[in-house]
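In case you want the letters, here they are:
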Amino acid sequence: MSINDYNYSNKFRKMSSDAIQPWVEWKHITMGKTHCPTCLRLDKCWFSKSDMPALPQHKYCHCTTLPKSFLTIQKQATANSTYSKYNPYLFDPKNEYKHGKDKLFNLWGYTIEDSQWLKTEIERQGLEKYVAGQYKLNWLDYNGQRINIIIKIPRRDKSGEATFTTGWMVYPNGKIQLITPYADD
Ligand SMILES: [Zn+2]
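The text that follows walks through the structure, step by step, so that each part is easy to find. Everything numeric in this text was worked out from a predicted model, so none of it was measured. (Residues numbered from 1 in each chain as written. Predicted model: local features only at pLDDT ≥ 70, side-chain atom pairs only at ≥ 80, totals over all residues. Heavy atoms only, no water.)

1. Here's the deal with the overall build of the chain
Thinking step 1. In terms of helices and strands, the chain carries 6 helices and 8 strands.
Thinking step 2. When its helices and strands are written in sequence order, the chain yields α-β-α-β-β-α-β-α-α-α-β-β-β-β.
Thinking step 3. Taking all 185 residues of the chain together, 43% fall into the buried category. (Helix = DSSP H or I, 4+ residues; strand = E, 2+ residues; numbered from the N terminus. Buried < 20%, exposed > 50% of the residue type's maximum accessible area, 1.4 Å probe, protein only.)

Here it is, written out as structure tokens:
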């Protein structure tokens, strides 16, 4: 199978229609007294009800959630990553970051030339999995809610797949933004 034919779309489309989870939008309510920076970050963020931040978040937290239609999630959610997360960060051509993650991708048959392909593929799978509720909540603080999403790409050195965890930040109105293309989880 060539790399261009490689496509998980059908598989995920089936999975997401088989198991539609209720979705919610976080609604920050202050009651004029408390302004929790963490709750403020969660305001208008969308989560699958089966994997959302704890509510209430803290003592005197008045936040609530509103039901969100799955159709809206499907239509409006977006996943983005910046090119620099792959080149130079991931492939580290000048050996600046010294995290060694480039060696793993090299082993699977990927080079810095594949940065754009990886960016497109990771955004595509990231969005599909977020919408399908196939993410895991990670650290939450005043910077926001981080989630982990597992990505699979074909190995080019031999048959089979390489699996790795990507880290994302959740933003209002269905936006997720890549933090790291390879999380140490
Ligand atoms: Zn709150």
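2. A look at the nonpolar core
Thinking step 1. Counting residues in hydrophobic clusters, the biggest one holds 37 residues, and the most contacted among them are Phe105, Leu118, Tyr130 and Ile153.
Thinking step 2. Leave out the neighbours within four places in its chain, and tyrosine 130 touches Trp23, Trp46, Ala77, Tyr135, Ile147, Ile149, Val170, Gly174 and Ile176. (Core = buried A, V, L, I, M, F, W, Y, C linked by side-chain atoms within 4.5 Å. Contact = heavy atoms within 4.5 Å.)

3. As for the packing of aromatic side chains
Thinking step 1. Across all of its chains, the model carries 10 aromatic pairs by this definition.
Thinking step 2. Their ring planes at 70 degrees and their centres at 5.1 Å tell us that phenylalanine 105 and phenylalanine 164 sit as a pair that is edge-to-face. Here the residue phenylalanine 105 occupies a position in helix H5 (residues 101–107), and phenylalanine 164 occupies one in strand E7 (residues 161–171), the gap between them amounting to 59 residues.
Thinking step 3. Classification of phenylalanine 105 by relative accessible area gives buried; the value is 0%.
Thinking step 4. An aromatic cluster is present here, built from Phe91, Phe105, Trp108, Phe164 and Tyr182 joined pairwise through their rings.
Thinking step 5. Sitting over the ring of tryptophan 117, arginine 156 keeps its end group 5.7 Å from the ring centre. (Phe/Tyr/Trp six-rings, centres within 6.5 Å; stacked < 30°, edge-to-face > 60°. Lys NZ or Arg CZ within 6 Å of the ring centre and 35° of its normal.)

4. Re the sheet that holds strand E1 (residues 23–27)
Backbone hydrogen bonds hold the strands of a sheet together, and the pairing may be parallel or antiparallel.
Thinking step 1. As summarised here, the arrangement of the 3 strands in space is E2-E1-E3, forming an open sheet in which the pairing is antiparallel. Edge positions in the sheet fall to strand E2 (46–48) and strand E3 (64–68), since each has one partner strand and no second. On average, each strand axis in the sheet is tilted by 40 degrees relative to the strand beside it, whichever way the strands run.
Thinking step 2. Here E1 pairs with E3 via 5 bridges, running antiparallel. Pairing of valine 24 across the sheet is with proline 67, part of E3. (Pairing = 2+ DSSP bridges. Axes fitted to C-alpha atoms, helices over the stretch in contact; angles between N-to-C directions.)

5. With respect to the environment of asparagine 173
Thinking step 1. Mapped onto the fold, asparagine 173 is located in the loop between E7 and strand E8 (175–180).
Thinking step 2. Residue classification places asparagine 173 among the partly exposed positions, given a relative accessible area of 37%.
Thinking step 3. Along the sequence, asparagine 173 and tryptophan 46 sit 127 residues apart, while their C-alpha atoms lie 6.5 Å from each other.
Thinking step 4. The contact partners of asparagine 173, leaving out residues within four places of it in the chain, are Lys44, Trp46 and Gln76.

6. So, the coordination of the zinc ion
Geometry sets the ideal angles at a metal, namely 109.5 degrees for four tetrahedral donors and 90 or 180 degrees for six octahedral donors.
Thinking step 1. On the protein side, the zinc ion has Cys39 (SG), Cys61 (SG) and Cys63 (SG) as donor atoms, found 2.2 to 2.3 Å from it.
Thinking step 2. Summarised as a motif, the one-chain spacing of the donors to the zinc ion is C-x21-C-x1-C. Of this pair, cysteine 39 sits in helix H2 (residues 37–42) while cysteine 61 sits in the loop between E2 and E3, placing them 22 residues apart in sequence.
Thinking step 3. For cysteine 39, a relative accessible area of 1% translates into the label buried.
Thinking step 4. On the basis of relative accessibility, which here comes to 12%, the residue cysteine 61 falls in the buried class. (Donors = N, O, S within 2.8 Å, 3.2 Å for Na, K, Ca; no water.)

7. Observations concerning the pairing of strand E5 (residues 136–141)
Thinking step 1. In terms of strand pairing, E5 meets strand E6 (residues 144–154) through 4 bridges, oriented antiparallel. Paired with leucine 140 across the bridge in E6 is glutamine 145.
Thinking step 2. Count of turn residues in the E5/E6 antiparallel hairpin: 2 residues.

8. Points about the environment of lysine 152
Thinking step 1. Checked against the element boundaries, lysine 152 lands in strand E6.
Thinking step 2. Residue lysine 152 is classed as partly exposed on the basis of its relative accessible area, which comes to 25%.

9. Focus: the state of the cysteines
Here a disulfide denotes a covalent bond joining the sulfur atom of one cysteine to the sulfur atom of another.
Thinking step 1. For the structure shown, the criterion picks out 0 disulfides.
Thinking step 2. Looking at the unpaired cysteine 36, the closest cysteine sulfur is the one in cysteine 39, lying at 3.9 Å.
Thinking step 3. Its relative accessible area of 16% is what places cysteine 36 among the buried residues. (Disulfide = S-S within 2.5 Å.)

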